[in-house]
Amino acid sequence: MTQDEMKRKVAEAALEYVVDGTIVGVGTGSTANMFIDALASKKGVIKGTVASSEATAKRLAGHGIPVLDLNDALTQVASLSVYVDGADEFDGGKNLTKGGGGALTREKIVAAASDKFICIVDETKRVKHLGAFPLPIEVIPMARELVAGVARKLGGNPVLREGFITDNGNLIIDVHGLVVTDARALEDELNSVPGVVCNGVFSHQGADVVLMGTPGGVETIV
């Protein structure tokens, strides 16, 4: 089974967590795109979706799936029933690194607004400790060097993502070389730096369930 086939299997498996008549949060990236394609089968059954990026909103709309602004959605319901998204890596505590596509802030917001976070990945994303994938940090432009200096003090090598602007109009710094042994502490420390909009450690908004594609099928990690 190829990596794309494993992604497709977990994307289809995530449909089991989609509750009829509710609003569904949808992530960003290649695996999330496969979930969007699968979700098209439920476009007349769910109330609508909230997208974590402009790219996701465009793909959902292309399938005829209603896309709602999160603020509007939360005037209709207390919370989204489920958020489905991929990850760049995950550890044994279901902590995640996300943001390879640059949508980390909106992804974290939609995850926080949802009752349950279903993370869909293939087996190559499982790691002992986060840090194998560079950690993205969204920063306002003025704070670029301030945040880079903090990242260096933490033992990382910060690299500006050249030519990239987030949907929020900010920059991304990718921090290479970190070994994350305490995901929540690192998430909190980075978020305390002035100018950091969000960082790609998802511990407070970690996965409730990880659906992991393997050559033998889909493994559910709870």
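Please refer to the structure placed before this passage.
Right, let's walk through the structure included here.

What counts and how
Residues numbered from 1 in each chain as written. Predicted model: local features only at pLDDT ≥ 70, side-chain atom pairs only at ≥ 80, totals over all residues. Heavy atoms only, no water. Helix = DSSP H or I, 4+ residues; strand = E, 2+ residues; numbered from the N terminus. Buried < 20%, exposed > 50% of the residue type's maximum accessible area, 1.4 Å probe, protein only. Contact = heavy atoms within 4.5 Å. Areas by Shrake-Rupley, 256 points an atom, 1.4 Å probe, with all protein chains shown as cover. Axes fitted to C-alpha atoms, helices over the stretch in contact; angles between N-to-C directions. Parallel < 35°, antiparallel > 145°, perpendicular 65-115°, else oblique. Left-handed = near helix turned anticlockwise from the far one by under 90°. Nonpolar A, V, L, I, M, F, W, Y, C, P; charged D, E, K, R; others polar. Pairing = 2+ DSSP bridges. Salt bridge = Lys/Arg side-chain N within 4 Å of Asp/Glu carboxyl O. Patch = residues over 30% accessible without salt bridge, like charges linked within 9 Å, V, L, I, M, F, W, Y side chains within 5 Å. Arc of directions from axis to C-beta. Phe/Tyr/Trp six-rings, centres within 6.5 Å; stacked < 30°, edge-to-face > 60°. Lys NZ or Arg CZ within 6 Å of the ring centre and 35° of its normal.

1. A short note on the overall build of the protein
Turning to step 1, where the next piece is worked out: Assigned secondary structure in the protein consists of seven helices and 13 strands.
Turning to step 2, where the next piece is worked out: Seen through its C-alpha atoms, the protein measures out along the principal axes to roughly 50 × 40 × 30 Å.
Turning to step 3, where the next piece is worked out: Scored against the burial criterion, the 222 residues of the protein give a buried share of 54%.
Turning to step 4, where the next piece is worked out: The contacts of the protein with a sequence gap of at least 6 include a subset with a gap of at least 24, amounting to 71%.
Turning to step 5, where the next piece is worked out: Accessible surface computed for the protein: about 9700 Å², of which carbon and sulfur atoms make up 50%.

2. Overview of the packing of helix 2 (residues 30-39) against helix 3 (residues 54-62)
Turning to step 1, where the next piece is worked out: Across the interface, helix 2 lies against helix 3 with an axial gap of 9 Å and an inter-helix angle of 25°. The orientation of helix 2 with respect to helix 3, classified from their angle, is roughly parallel. Crossing handedness for the pair helix 2 and helix 3: right-handed. Mapping the contact onto sequence places Asn33, Ile36, Asp37 and Leu39 in helix 2 and Thr56, Arg59 and Leu60 in helix 3.
Turning to step 2, where the next piece is worked out: Class assignment for the residues of the contact of helix 2 with helix 3 results in three nonpolar, two polar and two charged.

3. Some points on the sheet that holds strand 11 (residues 201-202)
Turning to step 1, where the next piece is worked out: Pairing within the open sheet is antiparallel, and its three strands lie in the order 4-5-11. The sheet terminates laterally at strand 4 (89-90) and strand 11, the two strands that pair on one side only.
Turning to step 2, where the next piece is worked out: Relative to strand 5 (residues 96-97), strand 4 runs antiparallel, the two being bridged by two bridges. What sits directly across from phenylalanine 90, in strand 5, is leucine 96.

4. Digging into the pattern of salt bridges
Turning to step 1, where the next piece is worked out: This model, assessed by the stated rule, comprises nine salt bridges.
Turning to step 2, where the next piece is worked out: One salt bridge in this structure joins arginine 106 and glutamate 54, with 3.2 Å as the shortest N-O distance. Of the two residues, arginine 106 sits in helix 5 (residues 104-112) while glutamate 54 sits in helix 3, which places them 52 residues apart along the sequence.
Turning to step 3, where the next piece is worked out: Given a relative accessible area of 26%, arginine 106 falls into the partly exposed group.

5. Some thoughts on the sheet that holds strand 7 (residues 135-139)
Turning to step 1, where the next piece is worked out: Taken together, four strands build an open sheet; the order of strands is 8-9-7-10 and the sheet is antiparallel. Every interior strand has two partners, whereas the edge strands, strand 8 (157-160) and strand 10 (196-199), have only one. Between one strand and the next, the sheet's axes are offset by a mean angle of 30°, whatever the strand orientation.
Turning to step 2, where the next piece is worked out: As judged from the four bridges shared by strand 8 and strand 9 (residues 171-176), these two strands associate in the antiparallel manner. Within strand 9, the residue paired with asparagine 157 across the bridge is histidine 176.
Turning to step 3, where the next piece is worked out: The strands that helix 6 (residues 144-153) touches are strand 7, strand 8, strand 9 and strand 10; relative to strand 9, the one it contacts most, it runs at about 15°.

6. Comments concerning a nonpolar patch on the surface
Turning to step 1, where the next piece is worked out: A contiguous nonpolar patch, built from Ile140, Met142 and Val197 and spanning about 320 Å² of accessible area, is present on the exposed surface.
Turning to step 2, where the next piece is worked out: With respect to the helices and strands, the residue isoleucine 140 is situated in the loop between strand 7 and helix 6.

7. Considering helix 1 (residues 3-13)
Turning to step 1, where the next piece is worked out: Looking only at helix 1, the buried set comprises Met6, Lys7, Val10, Ala11 and Ala13. Around the axis of helix 1, the buried residues are gathered within 160° of arc, so they sit on the same side.
Turning to step 2, where the next piece is worked out: In the core, the buried residues of helix 1 are packed alongside helix 2, strand 6 (117-122), strand 12 (209-214) and strand 13 (217-221).

8. Notes on unusual backbone geometry
Turning to step 1, where the next piece is worked out: At lysine 94, a position not held by glycine, the phi torsion is positive, near 60°.
Turning to step 2, where the next piece is worked out: With respect to the helices and strands, lysine 94 occurs in the loop between strand 4 and strand 5.
Turning to step 3, where the next piece is worked out: On the basis of relative accessible area, lysine 94 is assigned to the buried category, the value being 15%.

9. Some details on the packing of aromatic side chains
Turning to step 1, where the next piece is worked out: What the rule picks out here adds up to one aromatic pair.
Turning to step 2, where the next piece is worked out: Judged by centre distance (5.1 Å) and plane angle (50°), the rings of tyrosine 83 and phenylalanine 117 are tilted. Of this pair, tyrosine 83 sits in strand 3 (residues 82-85) while phenylalanine 117 sits in strand 6, and the two are 34 residues apart along the sequence.
Turning to step 3, where the next piece is worked out: According to the relative accessible area criterion, tyrosine 83 is buried, its value standing at 0%.
Turning to step 4, where the next piece is worked out: Cation over ring: lysine 98 sits above phenylalanine 202, and NZ or CZ is 5.5 Å from the ring centre.

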